[in-house]
Every structure is written in structure tokens, then in C-alpha cells.
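# Coordinate analysis (summary)
The primary structure of each chain is shown beneath.
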Amino acid sequence: MISKYGDCTKQGYGFIRKIYLEKKTDNNIKVYKKENYPSSNFFFYNSYKMLSDKYLILINYTPLDIKKLNVKYQILYKEKQCYLIKLIND
Amino acid sequence: MIEIFNIIGQFLIIFLLFNFPLNLKNIKKIKIFDNLDFFEILSVNLFIFLFVFLIISFFSTNYSYIILIILFLSLILNFNSLNYISNSISINDLRFIFIFFLSFLVLSVSIVSNLFLEWDGQVWINKAINFYDNKSVFNLKILEIDIIKNYPHLGSLLWGIFWKLSIINHEVFGRVIYVFIYVLSIVITVRKLRYQWWLQYIFFFSFIFFTFDLYLFSGYQESLMFSMILILMHLFFRFKNKFNNFFILLISLVFFSLLSWVKNEGVVYFLIFTALTFLHIKNYRILIVFISVTLILARYAILNEISSNEGVLSINFKNYLNFLDLNQILLTIVLFFKYLIISFFKNTIWLFIIAFLILSLLVKKNNLQVFYFITFVSIFFLLGIYLNYYVLERDNLKNEWFISVTLSRLTYHISAFYIPFIIIFINSFNKVKFK
């Protein structure tokens, strides 16, 4: 799966899997990808759960790309150029 | 190895499911369905199944329970009819069931061994997840995931349901239903060849060789559309002389309309079948128009509800002005034929279709009215889609890749309209009428 969908590239399957399985999230997390690939949500999306508005998974994002998102955030987990970030409200 | 056992188990479940409500015994009691063979009964049951589950998908329910009830009823029905079925099924039927199973197994293994979902498949699966989770189609409206809401859902519904039924919890096992329907469509087509069994097998394997594309089974809906058109073409020829029976006419129109629930272009295929039916009979013509319009309007109303009026029929009228540019019209026509020819080479079955058409014209063996009609409509449909995407919706003429892919898929669907004519043409030398 990782060879096809990528770890921290392409759709970022490996990284998303790690977040869902190891970090044991309660809700679905929205995924942003730098590269132009279809949605990666389907890998672990559960339609019984809500989509979290507090967290974001970023695949293949540079710090500059994150800055362009124009949000306040805290990095919870990082691997290469993939991030799990928590959005901070003012 | 466990995957192979899972596929075999799925085959048995699907096989049992599509042997209900009609089987070889009870079909004898329904005069209008008389003389349907084993695989034709499977096909009619498949379309009944599709229609019933399309209706059920409008309500939130546990699809697995309904499948289990159907399996239970099918077991009782077929167990009671076992003696009759075993006496009435021919050696040739049994041979074909074996070939059917073997082909299903081989093709399914090739799909299961390639887990990758192609681009569109990664969009369609999001709808399948909704049905895997036993949600209704209206839940798609509030689903917080990337889906194209104004696309229909019948293919994803099947995907989700059969994924849920699989012992191994992986989406790829939901897609084996597409293989089953695909193989079934080829089987019922070649079985109409009025020649020795070995020639039927040669055509069976040839059609699979020239129409099976692993890429299109990687989450796309094209294989399902192709298979459904092929089966419906067969049923059209089978029932066309019975369209004067209102019941047959009604269920035929309902079956044809199911195409429009697979992909948006299915609406055009539905209209082609409706027009063929309209031209074939003299009675009930107003009724055909009324039923067809009602079915299409109902479809648009439901999809509009799901897509929250995001525009099921959205067209950028500003771009029509570009269309008035003569250079652009010429360029578009040139590119259209360029990609049309390329798509014929991509879908090699077209080379056979064209060869048979030329041969057919030379020897003048056939009444080709239906053939000409489909050709005429298809060219305009392809041109319309092409212009719509390329000129009306796509400003960027550099986007050739997009339209080349679109044309390739459309010609794949449309080839299913023509394949039965190859059989008709060959049968014409045997002086046995294609039923």
C-alpha cells in the first residue's frame, strides 16, 4: 500500500495510517496534500464519526507551505515533511 | 490463499443471490418469461436486485440483513427446485457455469492482487464507504469528505454492499461484483452464437481478451456500465417482440433507466434504449415517453436534493460564445476525430466492430437499422460530450489529456452496444434467428 500510495509522498497513506492507528484519533481528520492527488480521506474515513475542526494532516508540506495556510497552529507530530497539526483559535 | 477462498465464497454468495426471485422452475409459470435460459434468468435477477437496492439506498438500513434474507429465501427456493433444475439444466449450461466460475476467479485474483485504486476510483470509493457504513444515499449530502455529489451512486452502492459481505475487510473485495457482472454479460452474449460450443468458447475468451482492462476495474464505473449495456442489449433483442405486453415494456424501461444511476452519461444510454423501444413498437408510444421522462426527472430531482442544488445541469453559457469561433470549431472537430481514432486503438474491440460492420455492408446479410441508429446517436453523443467538456466547460485547449481519457471511456461503454451485432452477423450465416 505504501509503495502505491506513498508514505509521506503522493496520497500519504503511510503517514495517515500512523496517525489514525498510533495516535488513536476520535474523529476523522482532514488531509491536505501538496501534490495533486485525489482525496486521501478514504483510507481511514469513518462516516459514523465527525470531521474534526481542530486537527489537520499535512502531506509533503514545507514550513513555507504551512505558513501560506494562514492559520495558527501547533505541531503535534512530524515526520519528514508530513505533519499532524492542531489548529489554535484566537 | 485466504484471498482466493474469499473470492470463491463471494462467487457462491453472488451466484445464490442472483438465482432469486426467478429460477428455472418458477419461470415456467410466468408465460412472458418462458424460454429464458439459466444465464438470462441470472441477468434478469441481477437487474431486479439492482432496482430493489437502488430503492433501498434511499433509506438508511442495514444492507447486510437484507442480503441475508435474500440468501435465505434463495436457498429455500432453489433447494425446493433442485430436482427440476438439475433435470432441466443442460451439459452446455454446466460447462458454461464452470467457465464462468473459472474466468471470474482468474479475473478477480488479478484485481485483488493489484490493490491500487486509480484516480477516479479514489473518488468513487468515498461513496462506497457511505453504503459500507449502511447509510442512505441522502447521507452523502452531509458527508464531510470529497465526493462529487451530483454523480449517481449505483456502482458505489454495489461496491459498498459486497465489500461489507466479504470476510476479508478490504474494499477490493467489493469490486469483485463488477467482475461477476462483466463475465455474465460476456457469457449471455456468446451463448447466442448458434454454432458449436467450442466456437462459443473462442468468442468468449476473445471478447474477454479484447474488452477486459484491469485499469478500468480499479475503481472506475466503466466496466459496470459496459456490462450493463451489453446485458440490456441482449435483453432488448430477447424481449423486443414482447414489448406489446405492458408489463414487459414497463420493467424493460425501468431496467434501462438503471444505466442513468451508474454515471451521468448513462442518461444518454437510457435514451438510446428508450428510442430503440419507441421505434420498435407502435402501441404505448406516449406511455414510453411519459415513463422515460418521469424516470429521468425523478433521477434529477433526487440528485439535485443530494447535491444541495450545486448544479446537476450546470453549464457555463459564457463559453458558448467561444464556440462561435470558426477556428475553434475546426480545431475541435480535428481533435475529436484524432482522439476518436486513438480510442478505437485503445479499445481494440472496436477494430473488430468496424471490421464486422464493413463485412456486413459488403455481404448485406443484416438488417442494420438498429446498428445505424446507434452509430448515429453515438457520434452525436460523443461530439456533444467532447464539445461540452472541451469548449463549453474547459477553457483551456491544452487540456487534451482530459478529453482523450473521456473519449476513450465513452467508446468503451458504447462498444457494448455493437458487440451483439457481431454475433448477429455471424449467426446470419447459420440461418438461425437471434432471439
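None of these values were measured; they are calculated from a predicted model.

## Details of the domain arrangement of chain B
Residues and elements named next belong to chain B. Considered domain by domain, chain B is made up of domain 1 (2–244) and domain 2 (317–428). Each of domain 1 and domain 2 was reduced to a C-alpha centroid, and the two centroids are 28 Å apart. Taken together, the 23 residues of domain 1 in the interface contact 18 residues of domain 2. When the two sides are added together, the surface that domain 1 and domain 2 hide from each other amounts to roughly 2,100 Å², 76% of it contributed by carbon and sulfur.

## As for the interface of chain B and chain A
Counting from both sides, the interface comprises 17 residues of chain B and, opposite them, 16 residues of chain A. Of the roughly 1,600 Å² buried where chain B meets chain A, counting both sides, 59% is carbon and sulfur surface. Summed over the shared surface of chain B and chain A, the result is zero salt bridges. Linking chain B to chain A there are five residue pairs in polar contact (both at pLDDT 80 or more). Split by residue class, the side of chain B that touches chain A holds eight nonpolar, five polar and four charged.

## Here we look at the pattern of salt bridges
Counted by the stated rule, this structure contains eleven salt bridges over all chains. For A:Lys34, the salt bridge goes to A:Asp65, with nearest N and O atoms at 3.2 Å. Of the two residues, A:Lys34 sits in the loop between β1 (28–33) and β2 (51–59) while A:Asp65 sits in helix α3 (residues 63–68), which places them 31 residues apart along the sequence. Among the salt bridges present, the one from B:Asp93 reaches B:Arg191, with a minimum N-O distance of 2.6 Å. With B:Asp93 in helix α5 (residues 91–112) and B:Arg191 in the loop between α8 (176–190) and α9 (197–211), this pair connects stretches of sequence that are 98 residues apart. Each of the salt bridges in this network shares a partner with another, and the network as a whole consists of B:Asp37, B:Asp93 and B:Arg191.

How each quantity is defined
Residues numbered from 1 in each chain as written. Chains lettered and ligands numbered in written order. Predicted model: local features only at pLDDT ≥ 70, side-chain atom pairs only at ≥ 80, totals over all residues. Heavy atoms only, no water. Domains from an automatic or database assignment. Contact = heavy atoms within 4.5 Å. Buried area = accessible area lost by both parts, 1.4 Å probe. Salt bridge = Lys/Arg side-chain N within 4 Å of Asp/Glu carboxyl O. Polar contact = N/O pair within 3.5 Å; in protein donor to acceptor, adjacent residues only side chain to side chain. Nonpolar A, V, L, I, M, F, W, Y, C, P; charged D, E, K, R; others polar. Helix = DSSP H or I, 4+ residues; strand = E, 2+ residues; numbered from the N terminus.

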